[in-house]
Amino acid sequence: MARPVVFVHGLWLHASSWQPWLDLFAQHGYDPIAPGWPHEPPTVEEARLQPEAVAGLGIEEVADHHADIIAGLPERPVLVGHSFGGLLAQKLLGRNLAVAAVAINASQIRGVLVPPLSQLRATAPVLGNPANIKKAVRLTAGQFRYGFANAVSRDESDVLYDRWTIPSPARPLFQAAAANVVSHSPAAVDTRNARRGPLLLVAGGRDHLVPVGVTRSTQRQYRHSTAVTDLLPFADRGHSLVVDSGWREVAQACLTWLDRALTDQDG
């Protein structure tokens, strides 16, 4: 039986943006799905017309939604998450709901300290208005260019923006921003769990939204666990590395790591 893989997207990209990854993982013998967030419309076009469908969603609701999906699978899956999806993948792995996880440019978990200035600038359009917490917000093309696609050409940035971006709930950003001052933050992850499966943290060296320093700090949060926590940096890549023209290099590297990690685990 093929090993299931659950792909979890982050803010501002639709679940269908994972399709090239689904095809590649299926070719390598996995059984991949990209279920999307709760109430997410099935297409980019519909999601843009119905921002209220996801407005107000928070981290716990999205994590529980994916936990319910995992419960219906024939066996524990591999998780692959990007941005807030990377945070969610870590939460679910910490609950022992997956055999392994790949967290790509993952949003900061509780314990990661002051974010860099580039991240503050990238999130300011949302966090700058407290009323956004109950809304779904879509980035402008210029905001997407700075936060996601600064490492590719402007033409490619515009194509990616038109193809994949959707309005997303602002609440997870507010929750992550307050994670270190809230005692029971939904951005908390069980980083001490020594029984969990292996975790790969992937970082883009030119990422403005989740700078590589955030990912390195995330890895340090796992220092009290003996479970595998690896870091794979791509020095010249930005936040769009899962959907831009270089996605295959990242996906192949993740597959190589997974094959090794799962083999070591089974052995």
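As shown above, the structure is provided for reference.
Quick look at the structure, then.

Conventions we followed
- Residues numbered from 1 in each chain as written.
- Predicted model: local features only at pLDDT ≥ 70, side-chain atom pairs only at ≥ 80, totals over all residues.
- Heavy atoms only, no water.
- Helix = DSSP H or I, 4+ residues; strand = E, 2+ residues; numbered from the N terminus.
- Rg over C-alpha atoms; globule rule 2.2 N^0.38 Å.
- Contact = heavy atoms within 4.5 Å.
- Areas by Shrake-Rupley, 256 points an atom, 1.4 Å probe, with all protein chains shown as cover.
- Lys, Arg positive; Asp, Glu negative; His and termini not counted.
- Charge placed at Lys NZ, Arg CZ, Asp CG, Glu CD.
- Axes fitted to C-alpha atoms, helices over the stretch in contact; angles between N-to-C directions.
- Parallel < 35°, antiparallel > 145°, perpendicular 65-115°, else oblique.
- Left-handed = near helix turned anticlockwise from the far one by under 90°.
- Patch = residues over 30% accessible without salt bridge, like charges linked within 9 Å, V, L, I, M, F, W, Y side chains within 5 Å.
- Salt bridge = Lys/Arg side-chain N within 4 Å of Asp/Glu carboxyl O.
- Buried < 20%, exposed > 50% of the residue type's maximum accessible area, 1.4 Å probe, protein only.
- Pairing = 2+ DSSP bridges.
- Right-handed = clockwise from strand over helix to strand, strands pointing away.
- Core = buried A, V, L, I, M, F, W, Y, C linked by side-chain atoms within 4.5 Å.
- Phe/Tyr/Trp six-rings, centres within 6.5 Å; stacked < 30°, edge-to-face > 60°.

Time to look at the overall build of the protein. Broken down by element type, the protein carries 10 helices and eight strands. Relative to the 2.2 N^0.38 estimate, which gives 18 Å for 267 residues, the radius of gyration of the protein is 17 Å and therefore close to what a compact globule would have. Viewed in the frame of its principal axes, the protein has a C-alpha envelope of about 50 × 40 × 35 Å. When contacts within the protein are restricted to residue pairs at least 6 apart in sequence, those whose partners lie at least 24 apart make up 77%. Just so you have it, the protein exposes about 11,000 Å², and 53% of that area is on carbon and sulfur atoms. Taking the 24 positively charged and 24 negatively charged side chains of the protein as two groups, their mean positions are separated by 9 Å.

Now for unusual backbone geometry. Although it is not a glycine, Ser83 sits at a positive phi angle of roughly 60°. Even without a glycine there, the phi angle at Asn96 is positive, about 65°.

At a minimum axis distance of 11 Å, the contact between helix H1 (residues 19-27) and helix H10 (residues 247-266) shows a crossing angle of 40°. Here H10 runs oblique to H1, going by the angle between their axes. Like other packed secondary-structure pairs, H1 and H10 cross with a definite hand, here right-handed. Here Pro20, Trp21, Leu24 and Phe25 of H1 lie close against H10, whose contacting residues are Trp247, Arg248, Val250, Ala251, Gln252, Cys254, Leu255 and Leu258.

What follows concerns a positive patch on the surface. Among the surface-exposed residues, Arg192, Arg216, Arg220 and Arg223 lie close enough to one another that they form a single positively charged patch. Tracing the backbone shows Arg223 in the loop between helix H9 (212-221) and strand E8 (229-234). The class for Arg223 is exposed, based on a relative accessible area of 59%.

Attention now moves to the sheet that holds strand E2 (residues 30-33). Across the sheet, which stays open at both edges, the six strands sit in the order E2-E1-E3-E4-E7-E8 with parallel pairing between neighbours. Two strands close off the open sheet at either side, each with one partner strand: E2 and E8. Within this sheet the neighbouring strands show an average axis-to-axis angle of 15°, counted without direction. Direction of pairing for strand E4 (residues 100-104) relative to strand E7 (residues 199-204): parallel, over a ladder of four bridges. Bridging across to E7, Val102 finds its partner in Leu200.

What follows covers helix H4 (residues 84-94). Burial analysis of H4 places 11 of its 11 residues in the buried class, which makes it a mostly covered element. Those residues of H4 lying buried are Phe84, Gly85, Gly86, Leu87, Leu88, Ala89, Gln90, Lys91, Leu92, Leu93 and Gly94. Downstream of H4 by one or two residues, Asn96 has phi in the positive range, about 65°.

Burial along E2 is one-sided: Tyr30 and Pro32 are buried, while Asp31 and Ile33, pointing the other way, are not. In the sheet, strand E1 (residues 3-8) pairs with E2 via four bridges, with the strands oriented parallel. Across the sheet, residue Pro4 finds its bridge partner in E2, namely Asp31. Once the chain exits E1 it traverses H1 before rejoining the sheet at E2, and the crossover so formed is right-handed.

In this section: the nonpolar core. Core analysis: the biggest nonpolar cluster contains 84 residues, and Trp21, Phe25, Val80, Val102, Ile104 and Val202 have the highest contact counts within it. Of all the elements, H10 adds the most residues to this core, at nine residues. With sequence-adjacent residues up to four places away left out, Val102 is seen in contact with Leu79, Val80, Gly81, Ala89, Leu200, Val202, Cys254, Trp257 and Leu258.

Attention shifts here to the packing of aromatic side chains. In this structure the tally under the stated criterion is 10 aromatic pairs. When the ring of Trp12 is compared with that of Phe148, the centres are 6.3 Å apart and the planes differ by 75°; the resulting orientation is edge-to-face. Of this pair, Trp12 sits in the loop between E1 and H1 while Phe148 is found in the loop between helix H6 (141-147) and helix H7 (154-164), placing the two residues 136 residues apart along the sequence. For the pair Trp12 and Phe148, one class covers both residues: buried. Plain terms: the ring middles of Phe25 and Tyr30 are 5.6 Å apart, the flat faces sit at 45° to each other, and that makes the pair tilted. By the burial criterion, Phe25 is buried, and Tyr30 matches it.

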